[in-house]
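# Results of the structural survey
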Amino acid sequence: MSEQGDADRDPFRLWQQSSRAFLDSTAMPESFRERCAALFAAWTRFARTYAEASGAAGPAAAGGPFDPVSWMDAGGAGGFGDLWNWFGAGTGSDPSSAGRSFVHGSAEWLAYAAALDRYRGVLAAAWLRAFQRFAAELGKYGKAPDWQRIQRLWQSAADVELDLAQRSEDFLDAQREVIRARLALAAVLRKHTGKLAELLGLPTRAELDDLQEAVHALRRELRALRPRLDPER
Amino acid sequence: MTGPAIAPDPASVARRVIALGRRLAATRGGATVEIATTPRDEVWRDGKIRLFRYRPLADSGPRIGPLLILHGLIGRQSMTDLEPGRSLVRRLLEAGADVWVIDWGNPGRGDRFKDFTDYADHHLGDALAVLRAATHGPGAALFGICQGGTFAAIHAARHPGSVLGLVLAVTPIDFHADMHPAAPGSPAREGLLNLWVRSLPPDLLAALVDERGNLSGQLTGALFQQLAPARTLAKYTSGLIEIAEDAEAMETFLRMEKWLADRPDLPGAAAKEWLIGLYQENRLVHGTFRIAGEPVDLGAITCPVLNIFGRLDHIIPPPCSRALGRILGDRDYEEIEAPTGHVGVFVSERARDIVAPAIIRWLARLG
């Protein structure tokens, strides 16, 4: 497999790229409005790209929307790249982007990056196995089946491999570690933000939490008193 | 891998993509996609929590019920009224049921200290009191969905006199039932979500919730998508192209997306009870889950129970729901199996002729 270039002729590399892009995303769409807008943008670009490719070289050379190879364009230059981005819902859902400058180089950042890489690695390997399973199944056909069958084959292969992977101890351990590292990193960010709030004379999150806890306790006490205030109720 | 036989006709694809783009643009950011349109009136409000009563659709007015629908905070109650043609609420109203629904609103960080005592006991109790006063009747049957079913079962166990009947749908009761073989000799099939939650140490789960104060609705939505990533991927790519020219299927897709995107946060204290007390420690079936300081005994449920589950439910494995039958023994308990997944129980064509008729028949028998 080549490391760079000629990616469109190297399905395995393309596959890894797409898996990576999917895993890079956090699948946390912010709102329905953003979903629709992103889908619209993605499909508009896709239509243009697909039409150009089809016009230039015909469907065989261009691949097609149901050809897994074309799903692998994760770079954002063609329609599906936008979809990958849409899954990630922009940088707002990236837990680390907001305070990256604060923490780059910190022990927490390095631990988080390492844990995330391991987590992605476990899943990327599963996507790769899914593709291998899919390719093996497809190879059993004398001639290429129609796209609907191809899609069913692909989904079935991916479902099996991802389910196996996501139940494995390797995955569960990687998941535990990435959550732990992510929380440690968030604590560093919070510490910085707390200092800033203190400097500006703003209430910190902990202070607001104390206030809200007191309000909740008061509401409970009020409820307990209610039968005495309104015996009819 | 590429070849003419694989790729569909480019002209057809281009046409579908254009249709898809037009339809998505016409949603104007979702503003034109409407869900939960069955007419209803707000009867009561306490902060973010609201109680609604649906207007009758049957000519003769309400004949059966009342039935109070409550979803949990993992999804919204609008699932039962997603679109007119697939609305469970409409089917119930057309059959003459007096239907009510609780909307828990959107909990914010300020609600992080709310727990199961608040939702399953206090708020639900308040809503039932309002309903009783408005109907001048003895109470209502509860229709609890998913986590809302857990709330409803807890309430029925603690206040048997005020719950006339209990309909549960895709409701977890025994959170460890998926660990046991469905039949002797067959392998156990653990729920993936159950496995994930069980695999995390309690202190890590608590820290995950504390980090944002509440369990983020976006996070739970992402986890549900991650349970079947290939299906998720296909849904937004090839699946969309397939339905691009089918106006009805496209409307259903958009309505479902609107529902999926509107996922509230689960308040922190309730989230910890849910994840640690129930998913990890399975306290409800052990009799150690506490509400207002007292243990909940599900065996104290005395009203008739209708328990609906999805055979293919990958979020709440069927054994986790069906465990209630074991607890209630030979009491008035009935199960209905829908040949669907979790959400399909409410919107699938396959469940259409099973779920609504079963509830209507059961409500009519309740009197």
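Since the structure is predicted, the reported quantities are computational estimates derived from the model, not experimental observations.

A tally of helices and strands in chain A yields 8 helices and 0 strands. Considering chain A as a whole, with its 233 residues, one finds that 31% of them fall into the buried category. Long-range contacts, defined as pairs at least 24 residues apart, comprise 72% of the intrachain contacts of chain A with a sequence gap of at least 6.

Counting secondary structure elements, chain B contains 16 helices and 10 strands. In terms of C-alpha radius of gyration, chain B reaches 21 Å, essentially the compact-globule figure of 21 Å for 367 residues. Counting only C-alpha atoms, chain B reaches 65 × 55 × 45 Å along its principal axes. With 367 residues in all, chain B has 50% of them scored as buried.

Further remarks concern the nonpolar core. With 98 residues, the main nonpolar core has Leu67(B), Leu68(B) and Leu166(B) as its most contacted residues. Beyond its immediate chain neighbours, meaning those up to four positions away, Leu67(B) contacts Leu92(B), Ala97(B), Asp98(B), Val99(B), Trp100(B), Ala140(B), Ala141(B), Phe143(B) and Leu363(B). The next biggest cluster of nonpolar side chains, apart from the first, holds 27 residues, and it includes Val122(A), Phe131(A), Phe171(A) and Ala181(A).

Time to look at the packing of helix H6 (residues 147–167) of chain A against helix H8 (residues 229–236) of chain B. Any two packed helices are characterised by how steeply their axes cross, that is the angle between the axes, and by the distance between the axes. Remark: H6(A) packs on H8(B), axes separated minimally by 8 Å, with the N-to-C direction vectors making an angle of 145°. Where H6(A) abuts H8(B), its residues Gln151(A), Gln155(A), Ala158(A), Asp159(A) and Leu162(A) lie against Pro229(B), Ala230(B), Arg231(B) and Ala234(B). Looking at the contact of H6(A) with H8(B) residue by residue, the class counts come to 5 nonpolar, 2 polar and 2 charged.

A separate point is the environment of Gly75(B). All names here are of chain B. Here Gly-75 shows up in the loop between strand E3 (64–71) and helix H2 (88–94). Classification of Gly-75 by C-beta neighbours within 10 Å gives buried; the count is 24. Separated by 185 residues in sequence, Gly-75 and Leu-260 have C-alpha atoms that sit 7.7 Å apart. If sequence neighbours within four positions are ignored, Gly-75 has contacts with Cys-146 and Arg-263.

Turning our attention to the packing of helix H6 (residues 202–212) of chain B against helix H11 (residues 268–280) of chain B. All names here are of chain B. As a packed pair, H6 and H11 sit with axes 9 Å apart at the nearest point and diverge in direction by 160°. Classed by the angle they form, the pair H6 and H11 counts as roughly antiparallel. With respect to the hand of their crossing, H6 and H11 are arranged in right-handed fashion. Between H6 and H11, the residues in contact are Pro-202, Leu-205, Ala-206, Val-209 and Asp-210 and Gly-268, Ala-271, Lys-272, Leu-275, Ile-276 and Gln-280, respectively. Looking at the contact of H6 with H11 residue by residue, the classes come out as 7 nonpolar, 2 polar and 2 charged.

Attention now goes to the pairing of strand E1 (residues 40–46) of chain B. Residues and elements named next belong to chain B. With 6 bridges joining them, E1 and strand E2 (residues 49–54) adopt antiparallel strand pairing. Bridge assignment links Glu-42 to a residue of E2, and that residue is Phe-52. Where E1 folds back onto E2 in an antiparallel hairpin, the turn is made up of 2 residues, including Gly-47, whose phi is positive at roughly 65°.

Residues and elements named next belong to chain B. The 8 strands lie next to each other as E1-E2-E4-E3-E5-E6-E9-E10, forming an open sheet whose pairing is mixed. Bordering the open sheet on either side are E1 and strand E10 (333–338), each of which pairs with just one other strand. Strand-to-strand twist across the sheet, computed as the mean angle between neighbouring axes with direction ignored, equals 20°. The sheet contacts of helix H4 (residues 147–158) involve E3, strand E5 (140–145) and strand E6 (163–169), and relative to E5 the element is tilted by about 145°.

Quick look at unusual backbone geometry now. Residue and element names in this part refer to chain B. Going from Gly-65 to Pro-66, the amide bond is cis rather than trans, its omega being 0°. Along the chain, Pro-66 turns up in strand E3. Residues other than glycine seldom take positive phi values, yet Asn-282 does so here, at roughly 50°. Residue placement: Asn-282 occurs in the loop between H11 and helix H12 (283–286). Overall, Asn-282 belongs to the buried group, with 21 C-beta atoms counted inside 10 Å.

Rules behind the numbers
Residues numbered from 1 in each chain as written. Chains lettered and ligands numbered in written order. Predicted model: local features only at pLDDT ≥ 70, side-chain atom pairs only at ≥ 80, totals over all residues. Helix = DSSP H or I, 4+ residues; strand = E, 2+ residues; numbered from the N terminus. Buried ≥ 20, exposed ≤ 12 C-beta atoms within 10 Å, placed from the backbone. Contact = placed C-beta atoms within 7 Å. Rg over C-alpha atoms; globule rule 2.2 N^0.38 Å. Core = buried A, V, L, I, M, F, W, Y, C linked by C-beta atoms within 7 Å. Axes fitted to C-alpha atoms, helices over the stretch in contact; angles between N-to-C directions. Nonpolar A, V, L, I, M, F, W, Y, C, P; charged D, E, K, R; others polar. Parallel < 35°, antiparallel > 145°, perpendicular 65-115°, else oblique. Left-handed = near helix turned anticlockwise from the far one by under 90°. Pairing = 2+ DSSP bridges.

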